[in-house]
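Observations on the model geometry
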Amino acid sequence: LRASACEKRRVSVMNLIRSFFIAFSMYSKIPMPRTDWTKESMRYAMCFFPVIGAVIGGLLYLWIYLTGDSTGSLFRAAVAVLIPIIITGGIHLDGLLDTADALSSYKTKEEKLEILKDSHAGAFAIIIGICWFVLDFGIYSEADTHTIGLLAIGFVISRTLSGLSLVSFRMAKNTGLAATFSDMALKSRVRIVMICYLIVCAGLLLYLDPLYGTAELIGALLVFFWYRHLSYEKFGGITGDLAGFFLQNCELFMAVCVIGLRIVLR
């Protein structure tokens, strides 16, 4: 019996490690060992999604901290904007652009879902993409080591809420990566883990700066509930592209709340 219990623990640990590899292989460009996508190994994959945000936030904070005022603010901001894209490979940005095209079409739900699958970028995707980069660049040109610490935590929060949506919201369709991750996940346990992530991040934000931290949290939650309403009304549920659309907008709006409040109070 003891040997059997030890073997079960070993298998559980190995499945957790595989879940970690799957999460990073899917949602980042960080090299990971090849792993089979079995039902057992994908149960907790979403639990490691916010860890990618922690990696991005850590690198972003390190960049701003090391450069400080010694590097031109424009170059510093440009690199800061690119760090998340380099780590993720732009997978979430792709969702932002696809969703922008679908929303701009004013077609039926079914036709919007078809547009999400179209690999071609429309005019509105390009326009929204340019606007997103311009605003993001402006935000990071105003960031300092204090506010960047708050924004770094935002990368964990956005992925926590995105993961929470995958195990809590209705799917628009039964196919696609979002549906696969949702179906394979142990939803109740993943949901608990995501709530724990959110509580820890909220505590850190309020500890670092109660005022800016509260603004960032409110911004994240506003985008989260807007995302649910928009997805249900326009698409009948969420998809992987919509999850990427939410993540990019959530990170941007959290940063706008923090930096915008800092500018107002300056």
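Structure shown above.
This structure is a prediction, so every number in the text was calculated from the model and none was measured.

Reading guide: rules and limits
- Residues numbered from 1 in each chain as written.
- Predicted model: local features only at pLDDT ≥ 70, side-chain atom pairs only at ≥ 80, totals over all residues.
- Heavy atoms only, no water.
- Helix = DSSP H or I, 4+ residues; strand = E, 2+ residues; numbered from the N terminus.
- Expected span 1.5 Å × (residues − 1).
- Bend = angle between axes of the 7 residues up to and from the residue.
- Buried < 20%, exposed > 50% of the residue type's maximum accessible area, 1.4 Å probe, protein only.
- Patch = residues over 30% accessible without salt bridge, like charges linked within 9 Å, V, L, I, M, F, W, Y side chains within 5 Å.
- Areas by Shrake-Rupley, 256 points an atom, 1.4 Å probe, with all protein chains shown as cover.
- Salt bridge = Lys/Arg side-chain N within 4 Å of Asp/Glu carboxyl O.
- 1 Å grid on protein atoms, 1.4 Å probe; cavity = no way out; pocket = protein on both sides within 12 Å on 5 of 7 lines; lining within 4 Å.
- Points joined across faces, edges and corners; volume = space filled by probe spheres on them.
- Nonpolar A, V, L, I, M, F, W, Y, C, P; charged D, E, K, R; others polar.
- Axes fitted to C-alpha atoms, helices over the stretch in contact; angles between N-to-C directions.
- Parallel < 35°, antiparallel > 145°, perpendicular 65-115°, else oblique.
- Contact = heavy atoms within 4.5 Å.
- Left-handed = near helix turned anticlockwise from the far one by under 90°.
- Polar contact = N/O pair within 3.5 Å; in protein donor to acceptor, adjacent residues only side chain to side chain.
- Core = buried A, V, L, I, M, F, W, Y, C linked by side-chain atoms within 4.5 Å.

On to helix α3 (residues 73–88), then. A rise of 1.5 Å per residue sets the reference length of α3, with its 16 residues, at 22 Å; its end C-alpha atoms lie 24 Å apart and thus fit the reference within 8%. Maximal helix bending in α3 amounts to about 30 degrees, located at Leu82; proline Pro84 follows within four positions. Those residues of α3 lying buried are Arg76, Ala77, Ala80, Val81, Ile83, Pro84, Ile87 and Thr88. Following α3 by one or two positions, Gly89 has its phi on the positive side, about 75 degrees.

Judged by side-chain polarity, Leu59, Tyr61, Leu62, Tyr65 and Leu66 come together as a nonpolar surface patch covering roughly 500 Å² of accessible area. Secondary-structure assignment places Leu62 in helix α2 (residues 49–67). On the accessibility criterion, Leu62 (43% relative accessible area) is partly exposed.

Under the counting rule described, the total for this entry stands at 2 cavities of 30 Å³ or more. The computed volume of the largest cavity comes to approximately 130 Å³. Taken together, 17 residues make up the lining of the largest cavity; nearest its centre are Pro84, Trp132, Phe155, Gln248 and Glu251. Residues of the lining of the largest cavity, tallied by class, amount to 10 nonpolar, 4 polar and 3 charged. What the second largest cavity holds in volume is close to 50 Å³.

Moving on: the pattern of salt bridges. By the definition in use, this model includes 3 salt bridges. A salt bridge links Glu114 to Lys117, with the nearest nitrogen and oxygen atoms 3.3 Å apart. Taken together, the positions of Glu114 and Lys117, both in helix α5 (residues 109–117) and 3 residues apart, correspond to about one turn of that helix. What makes Lys117 exposed here is its relative accessible area of 53%. Here Glu251 ties to Arg159 by a salt bridge, and the two come within 2.6 Å at their closest N and O atoms. In this pair, Glu251 is assigned in helix α11 (residues 240–265) and Arg159 in helix α7 (residues 145–166), connecting sequence segments 92 residues apart. Summarising the burial analysis for this pair, Glu251 and Arg159 share the class buried.

The next point concerns the packing of helix α4 (residues 91–105) against α11. Here α4 crosses α11 at 105 degrees, and the two axes come no closer than 7 Å. Considered as vectors, α4 and α11 are oriented roughly perpendicular to each other. Residues His92, Leu93, Asp94, Gly95, Leu96, Asp98, Thr99 and Leu103 of α4 form the contact with α11, whose participating residues are Asp241, Leu242, Gly244, Phe245, Leu247, Gln248 and Asn249. Of the residues assigned to the contact of α4 with α11, the class counts are 6 nonpolar, 6 polar and 3 charged.

What follows covers the packing of α3 against helix α6 (residues 123–142). With their axes 8 Å apart at the nearest point, α3 and α6 run at an angle of 120 degrees to one another. The angle between α3 and α6 falls in the class oblique. In this structure, the crossing between α3 and α6 has a hand that is right-handed. For the pair α3 and α6, contact is made by Ser73, Leu74, Ala77, Ala78, Ala80, Val81 and Ile85 and by Phe133, Asp136, Phe137, Tyr140 and Ser141, respectively. Of the residues that constitute the contact of α3 with α6, the class distribution is 9 nonpolar, 2 polar and 1 charged.

A few words now on the side chain of Ser28. Structurally, Ser28 is set in the loop between α1 (2–27) and α2. Ser28 sits in the buried class, given a relative accessible area of 5%. From its side chain, Ser28 meets the backbone oxygen of Phe24 in a polar contact 2.6 Å long. Setting aside residues up to four positions removed in sequence, Ser28 forms contacts with Ala23, Ile52, Ile87 and Thr88.

So, on to the nonpolar core. Counting 64 residues, the largest nonpolar core has Tyr140, Leu151, Ile157 and Tyr227 as the members making the most contacts within it. Looking at which element gives the most residues to this core, the answer is α11, with 11 residues. In contact with Tyr227, not counting residues within four places along its chain, are Ser165, Phe169, Ile238, Leu242, Ala243 and Phe246.

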